[in-house]
Amino acid sequence: MSQSSIAPGGRLRAALNLGNRNLVRLGPDNSPEGITVDLAQGLAEHLGVSVEFILFERAAAVTANGASDWDICFLANDAARADIIAFSRPYVRLEGRYVVAETSPAQSSEDIEKFGLVVAALRGSAYSLHLLRHLPADKVLLCATKPEVRAAMAAGTAQAEVFMGPIPSAGRIEPGLRALPDPFLAVDQAIGVPVARAGAIDLVNAFLDHL
């Protein structure tokens, strides 16, 4: 299969989700950096094409217009996205933990449902899709931005939020909050291509094998 199957325009347009700082963030000069940047550059070099980064503030924005704006993306492999995106094998697995107030009675993930706590989540994120499948709808507060999540926690309209990533250190949790010790979700992060070009996944998996 030729490189034109994955980058028909002669360059690789890579969608980056800035909502997941474990995988990508803006550096001091406002250029993106992180594992997804490295993977996109490596794949472009592997294919012999240039790379163009297209930045999105959150996962839902990546899929908002289908897959017309990009050639590859870096998102969690979730079944709810299967009609838009074909995914490679995972390149990393991130764990989701609930974050609650220091004074919360919750001591484990099971306590979130036991005490009927409302969880604030970013709309369209992989963990929000999971929460909507596993918690009552009125116990999931969908927010457009991270500041909205924090505001809901501060106002008490939500009593929990989600931390996605490696085991969190004290420096990555806001003062007055704590992460529950047991993860409630493990998310496989993968490289995606438009489902109409699903055959290109063979090229992506070959690249991951090469790495």
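Notes on the nonpolar core
Inference 1: Counting residues in hydrophobic clusters, the biggest one holds 60 residues, and the most contacted among them are Ile6, Leu12, Ile72, Phe74, Tyr98, Ile112 and Leu131.
Inference 2: The element contributing the most residues to this core is helix α1 (residues 35-47), with six residues.
Inference 3: Residue contacts for Phe74: discarding those within four places in its chain leaves Ala14, Ala15, Leu16, Asn17, Thr36, Leu39, Ala40, Tyr91, Ala190 and Ile191.
Inference 4: With twelve residues, the next largest nonpolar core counts Ala59, Trp70, Ile85 and Phe87 among its residues.

Describing the pattern of salt bridges
Inference 1: Scanning the entire structure with this criterion turns up eleven salt bridges.
Inference 2: Of the charged contacts in the structure, one is a salt bridge between Arg197 and Asp71, with a shortest N-O distance of 3.3 Å. Placement of the pair is Arg197 in the loop between β12 (185-194) and α6 (201-210) and Asp71 in the loop between α2 (59-63) and β5 (72-76), with a sequence separation of 126 residues.
Inference 3: When its relative accessible area of 2% is taken as the criterion, Asp71 is described as buried.
Inference 4: The shortest N-O distance in the salt bridge between Glu161 and Arg150 comes to 3.3 Å. Of the two residues, Glu161 is situated in strand β10 (residues 160-165) and Arg150 in helix α5 (residues 146-155); the sequence distance between them amounts to eleven residues.
Inference 5: A single salt-bridge network, built from bridges that share partners, covers Lys146, Arg150, Glu161 and Glu174.

A few points about α1
Along an α-helix, residues three or four positions apart point the same way, because every turn accommodates 3.6 residues.
Inference 1: Compared with an ideal rise of 1.5 Å per residue, which puts 13 residues at 18 Å, α1 spans 18 Å between its outermost C-alpha atoms and is within 8% of the ideal.
Inference 2: The set of residues buried in α1 consists of Thr36, Val37, Leu39, Ala40, Leu43, Ala44 and Leu47. Around the axis of α1, the buried residues are gathered within 165° of arc, so they sit on the same side. Among the exposed residues of α1, those pointing more than 90 degrees away from its buried face are Asp38 and Glu45.
Inference 3: Where α1 is buried, its residues touch β1 (11-17), β3 (32-33), β4 (50-56), β5 and α6.
Inference 4: Looking one or two places after α1, you find Gly48, whose phi comes out positive at around 80°.

The rules behind each value
Residues numbered from 1 in each chain as written. Predicted model: local features only at pLDDT ≥ 70, side-chain atom pairs only at ≥ 80, totals over all residues. Heavy atoms only, no water. Core = buried A, V, L, I, M, F, W, Y, C linked by side-chain atoms within 4.5 Å. Buried < 20%, exposed > 50% of the residue type's maximum accessible area, 1.4 Å probe, protein only. Helix = DSSP H or I, 4+ residues; strand = E, 2+ residues; numbered from the N terminus. Contact = heavy atoms within 4.5 Å. Salt bridge = Lys/Arg side-chain N within 4 Å of Asp/Glu carboxyl O. Expected span 1.5 Å × (residues − 1). Arc of directions from axis to C-beta.

Remember that the coordinates give geometry; whether it matters functionally is a separate question.
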